[in-house]
Amino acid sequence: MGAASKILIVGGGIGGLTAALALTRQGFDVAVYEQSPELREVGAGVQMGPNGTRVLHALGLKDALERIQFAPARREIRLWNTGETWNWFELGAKAVERHGTPHLMLHRRDLHEVLADAVRREKPDAIHLGWRCTAVTQNSDAAEVRFANGEAVPGTVVIGADGIHSQVRASLFGADAPEFTGCIAWRGLVPFERLPASVSRTSGTNWLGPYGHVLHYPVRRGELLNFVGMVERDDWQVESWTVAGTTAELANDFRGWHADVQAIIANLDVPYKWALMVRPPMPRWSEGRVTLLGDACHPTLPFLGQGAVMALEDGYVLAACLKKYAGDHATAFSRYEQARQERTAAVVRKAAENRTSVFKHKLADRDTLAKSVAQEWQQERVRERMEWLYTYDATAVEV
Ligand SMILES: Cc1cc2nc3c(=O)[nH]c(=O)nc-3n(C[C@H](O)[C@H](O)[C@H](O)COP(=O)(O)OP(=O)(O)OC[C@H]3O[C@@H](n4cnc5c(N)ncnc54)[C@H](O)[C@@H]3O)c2cc1C
């Protein structure tokens with residue numbers, strides 16, 4: 001496989017566009033096929049730890065990010081009913097000092113636009129919109145992606161970056177069997193001008209409470225607040241970015257919580273709801289000329305804020321493997337899996353463990369939470385727990 005080969009990417013999300021950018025930079029001819037008729041991510045935030053911004057900076061996106069990013073000064077913890085606040089750990093300049101690249105909070109749509117613009121600068125017609133993949137087939141000479149519009153496109157290799165309900169994964173390995181966790185996640189955005197001054201404009205804030213957990217942080221240069229509310233509930237099991245609930249239903253899930261949480265909920269533009277599911281790890285991600293990345297092969301719960309970052313890391317490492325083993329996709333995919341499977345499995349495991357720890361009902365008690373913050377959530381302890389995650393350098397991985 002050399003520069004003359006054609007790489008087809010199914011899915012123009014954060015992972016697919018990162019892979020497209022990394023591959024075009026390596027000299028490959030790439031085409032991205034996205035099912036949505038317009039390139040428009042959902043209205044929600046995404047946290048990017050230093051391991052994610054390391055990849056974005058390496059792809060030349062530092063300046064573009066600076067026009068849209070929010071770099072929080074710190075994270076803080078608040079108690080669900082009284083709003084009592086504890087400093088959790090420092091970010092801002094401290095994160096850059098420790099890891100070389102910043103910890104950012106972004107609007108997904110802004111990040112998506114930055115990636116799409118960069119891909120189009122490399123190849124103006126690389127991204128095809130309104131193309132929904134229905135199947136992938138292959139033989140020893142080529143792979144072929146079939147689409148709902150009746151077209152079939154041949155390529156040298158295919159990358160399935162089509163997310164949690166991946167059609168490419170289903171074509172390779174059959175249907176998956178997700179298991180409901182008993183939690184749902186509410187998401188939404190609200191302009192800061194609608195919120196009381198007591199809602200932090202400089203930090204990421206985690207609220208701990210009974211049967212629930214709230215996280216909010218500024219995005220888009222600090223103009224908007226991104227809200228995520230996780231709650232234990234078993235009457236909703238649809239896993240989707242686009243299903244909206246009602247403000248009344250969301251308010252009911254967090255009744256009795258502090259006035260700041262109520263004010264955010266009452267002012268959200270649209271409250272979206274997502275049922276959190278888990279899936280067993282996949283032993284293989286590739287078959288012949290086809291491989292997977294991001295949520296298509298290792299979907300993760302949002303309790304570590306690393307799912308999109310893993311998709312970025314995958315895209316960068318996969319491009320490096322295809323470059324190094326040009327002409328030998330079998331070795332490229334095998335090295336890619338070796339480089340990425342253990343790390344992504346650790347992230348999936350850790351995120352599931354975090355779910356258990358934030359839903360400990362006793363943390364809703366003030367004295368228990370204060371003790372827990374003092375013992376387990378101090379800067380040094382957090383640093384020890386997160387170091388393995390943030391120091392990983394996808395741009396220097398040995399492939
Ligand atoms: C509540 C919540 C909060 C989160 N917060 C964070 C966070 O702070 N930080 C973080 O790193 N991660 C976070 N995540 C996880 C993160 O959103 C995902 O891991 C990430 O979006 C995965 O990226 P992806 O590119 O693999 O898939 P996706 O973002 O799902 O993109 C897949 C793309 O493929 C397209 N597609 C799907 N099917 C087809 C088809 N058949 N044909 C063509 N195109 C198709 C879709 O339209 C989409 O554009 C969060 C997740 C949730 C649920």
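I will try to describe carefully the structure that is included in this document.

## Digging into the sheet that holds strand β17 (residues 290-292)
On the basis of which strands lie adjacent, the open sheet formed by five strands has the order β7-β2-β1-β11-β17 and parallel pairing. A single partner strand is all that each edge strand has here, and the edge strands are β7 (127-129) and β17. On average, each strand axis in the sheet is inclined to that of its neighbour by 20°, with strand direction left out of account. Pairing of strand β1 (residues 6-10) with strand β11 (residues 157-160), which is carried by four bridges, proceeds in the parallel orientation. Across the sheet, the residue bridging to I7 is V157, located in β11.

## Brief notes about the site of the ligand
Taken together, 35 residues sit near the ligand, with G15, E34, Q47, R108 and D295 positioned nearest. Between the ligand and G15, the relevant distance is 2.8 Å, taken from an oxygen atom to a main-chain nitrogen or oxygen of the residue. G305 has a polar backbone atom sitting 3.2 Å from a nitrogen atom of the ligand. When isolated, the ligand has an accessible area of 1,000 Å², and the protein chains bury 91% of it. Among the secondary structure elements, those contributing two or more residues to the shell around the ligand are α1 (14-25), β2 (29-34), β3 (45-48), β12 (179-191) and α9 (307-324). Top contributing element to the shell around the ligand by residue count: α9, with four residues. Along the lines of polarity and charge, the residues of the shell around the ligand split into 15 nonpolar, 13 polar and seven charged.

## Points about the pattern of salt bridges
The full count for this structure, using the stated rule, is 24 salt bridges. Of the charged contacts in the structure, one is a salt bridge between R169 and D176, with a shortest N-O distance of 3.0 Å. Between R233 and E249 there is a salt bridge whose closest N-O contact spans 2.9 Å. Highlighted residues: R233 in the loop between β15 (224-232) and α7 (247-253) and E249 in helix α7, separated in sequence by 16 residues.

## Some remarks on the nonpolar core
One finds I9 and M48 to be the most contacted residues of the largest nonpolar core, which totals 133 residues. With ten residues, the top contributor of residues to this core is α9. When residues no more than four places from it in sequence are discounted, the contact partners of I9 are G16, A19, A20, L23, V30, A31, V32, Y33, I159 and A161.

## Brief notes about unusual backbone geometry
Its identity is not glycine, yet Y211 carries a phi of approximately 60°, on the positive side. Counting through the fold element by element, Y211 comes out in the loop between β13 (203-209) and β14 (212-219). The phi dihedral of R220 falls on the positive side, at around 50°, and the residue is not glycine. Within the secondary structure layout, R220 lies in the loop between β14 and β15.

## Regarding the packing of α1 against α9
Between α1 and α9, the shortest axis-to-axis distance is 8 Å and the interhelical angle comes to 30°. Put simply, α1 runs roughly parallel to α9. In terms of crossing hand, the pair formed by α1 and α9 is right-handed. Together, I14, G15, T18, A19, A22 and L23 of α1 and A308, A311, L312, G315, Y316, A319 and L322 of α9 make up the contact between the two elements. Split by residue class, the contact of α1 with α9 holds ten nonpolar, three polar and no charged.

## Looking at the sheet that holds strand β10 (residues 152-155)
On the basis of which strands lie adjacent, the open sheet formed by three strands has the order β8-β9-β10 and antiparallel pairing. Every interior strand has two partners, whereas the edge strands, β8 (133-138) and β10, have only one. Across the sheet, the mean angle from the axis of one strand to that of its neighbour is 20°, orientation sign disregarded. For strand β9 (residues 143-147) and β10, the ladder comprises four bridges, and the chain directions are antiparallel. What sits directly across from A143, in β10, is G155.

## Points about the pairing of β9
A one-sided burial pattern is seen for β9, the buried positions being A143, V145 and F147 and the unburied ones E144 and R146. Bridging between β8 and β9 involves five bridges; their strand directions are antiparallel. Bridge pairing in β9 places T137 opposite E144. Taking the residues that link successive antiparallel strands as the turn, the β8-β9 hairpin has four residues.

Calculation notes
- Residues numbered from 1 in each chain as written.
- Predicted model: local features only at pLDDT ≥ 70, side-chain atom pairs only at ≥ 80, totals over all residues.
- Heavy atoms only, no water.
- Pairing = 2+ DSSP bridges.
- Helix = DSSP H or I, 4+ residues; strand = E, 2+ residues; numbered from the N terminus.
- Axes fitted to C-alpha atoms, helices over the stretch in contact; angles between N-to-C directions.
- Near = heavy atom within 4 Å.
- Polar contact = N/O pair within 3.5 Å; in protein donor to acceptor, adjacent residues only side chain to side chain.
- Areas by Shrake-Rupley, 256 points an atom, 1.4 Å probe, with all protein chains shown as cover.
- Nonpolar A, V, L, I, M, F, W, Y, C, P; charged D, E, K, R; others polar.
- Salt bridge = Lys/Arg side-chain N within 4 Å of Asp/Glu carboxyl O.
- Core = buried A, V, L, I, M, F, W, Y, C linked by side-chain atoms within 4.5 Å.
- Buried < 20%, exposed > 50% of the residue type's maximum accessible area, 1.4 Å probe, protein only.
- Contact = heavy atoms within 4.5 Å.
- Parallel < 35°, antiparallel > 145°, perpendicular 65-115°, else oblique.
- Left-handed = near helix turned anticlockwise from the far one by under 90°.

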